[in-house]
Amino acid sequence: MTIYMTPHITDDKIAAMDVFDAFRLGEELLDSRFPRDAARVLRKVVDAEPGHAGAWELLGRAHFAAAQLSPAEESFRRLVDLEPTSAWAQTALGLALDRQSRHREGAVHHRIAAAMGASPRDATRVELVDRPTG
């Protein structure tokens, strides 16, 4: 389902939702390009289910899409803790750090993702950081 109009989601409405419905609504909001609203809804999910990797991924993606980079980093760090063998999680954390101009820190996660065989782009990001200047 695509949401075409700007959603009006109050804190009371979020509080009244069950966790599954909040997860699905957060997913729909993110897909419909309402990342700030998605993040508000998905916060309920990760608070209720702190070990749910899928919820942390969606929350991180929502924060990242909304350019809320510090919360995106925190969400992706939690995702990496929950799923340490996920190359996607490593790449996402690396990108969140890159967008904050913390390229050296991001390169660590891109290296891990590249070692896992995630994407040739991870290796390219590492090369850009390691390239000598001058």
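Only a predicted model underlies this, so the values are computations on that prediction, with no experimental measurement involved.

Draft legend 1. Structural view of the overall build of the protein. Across its full length, the protein carries eight helices and zero strands. The secondary structure elements of the protein, listed N-terminal to C-terminal, are α-α-α-α-α-α-α-α. Of all 134 residues assigned to the protein, the portion counted as buried reaches 41%. Of the accessible surface of the protein, which amounts to about 7,700 Å², a share of 53% is contributed by carbon and sulfur atoms.

Draft legend 2. Fine view of a nonpolar patch on the surface. Judged by side-chain polarity, Val108, Ile112 and Met116 come together as a nonpolar surface patch covering roughly 210 Å² of accessible area. Locating Val108 in the fold gives a position in helix 7 (residues 103–115). What makes Val108 partly exposed here is its relative accessible area of 42%.

Draft legend 3. Fine view of helix 4 (residues 53–65). Its 13 residues give helix 4 an end-to-end C-alpha distance of 18 Å, which sits within 8% of 18 Å, the value for a rise of 1.5 Å per residue. Ala53, Ala55, Trp56, Leu58, Leu59, Gly60, Ala62 and His63 are the residues of helix 4 that are buried. In this fold, the buried residues of helix 4 make contact with helix 2 (19–31), helix 3 (35–48) and helix 5 (69–82).

Draft legend 4. Layout of the environment of Arg24. By secondary structure assignment, the location of Arg24 is in helix 2. The partly exposed category is assigned to Arg24, whose relative accessible area is 36%. Arg24 sits 14 residues away from Ala38 along the chain, and the two C-alpha atoms are 9.8 Å apart.

Draft legend 5. Local environment of the packing of aromatic side chains. Under the counting rule described, the total for this entry stands at one aromatic pair. Ring centres of Phe76 and Trp88 lie 5.9 Å apart, and the angle between their planes is 75°; on these two criteria the pair is classed as edge-to-face. In this pair, Phe76 is assigned in helix 5 and Trp88 in helix 6 (residues 87–99), connecting sequence segments 12 residues apart. We classify Phe76 as buried; its relative accessible area is 2%.

What counts as what
- Residues numbered from 1 in each chain as written.
- Predicted model: local features only at pLDDT ≥ 70, side-chain atom pairs only at ≥ 80, totals over all residues.
- Heavy atoms only, no water.
- Helix = DSSP H or I, 4+ residues; strand = E, 2+ residues; numbered from the N terminus.
- Buried < 20%, exposed > 50% of the residue type's maximum accessible area, 1.4 Å probe, protein only.
- Areas by Shrake-Rupley, 256 points an atom, 1.4 Å probe, with all protein chains shown as cover.
- Patch = residues over 30% accessible without salt bridge, like charges linked within 9 Å, V, L, I, M, F, W, Y side chains within 5 Å.
- Salt bridge = Lys/Arg side-chain N within 4 Å of Asp/Glu carboxyl O.
- Expected span 1.5 Å × (residues − 1).
- Contact = heavy atoms within 4.5 Å.
- Phe/Tyr/Trp six-rings, centres within 6.5 Å; stacked < 30°, edge-to-face > 60°.

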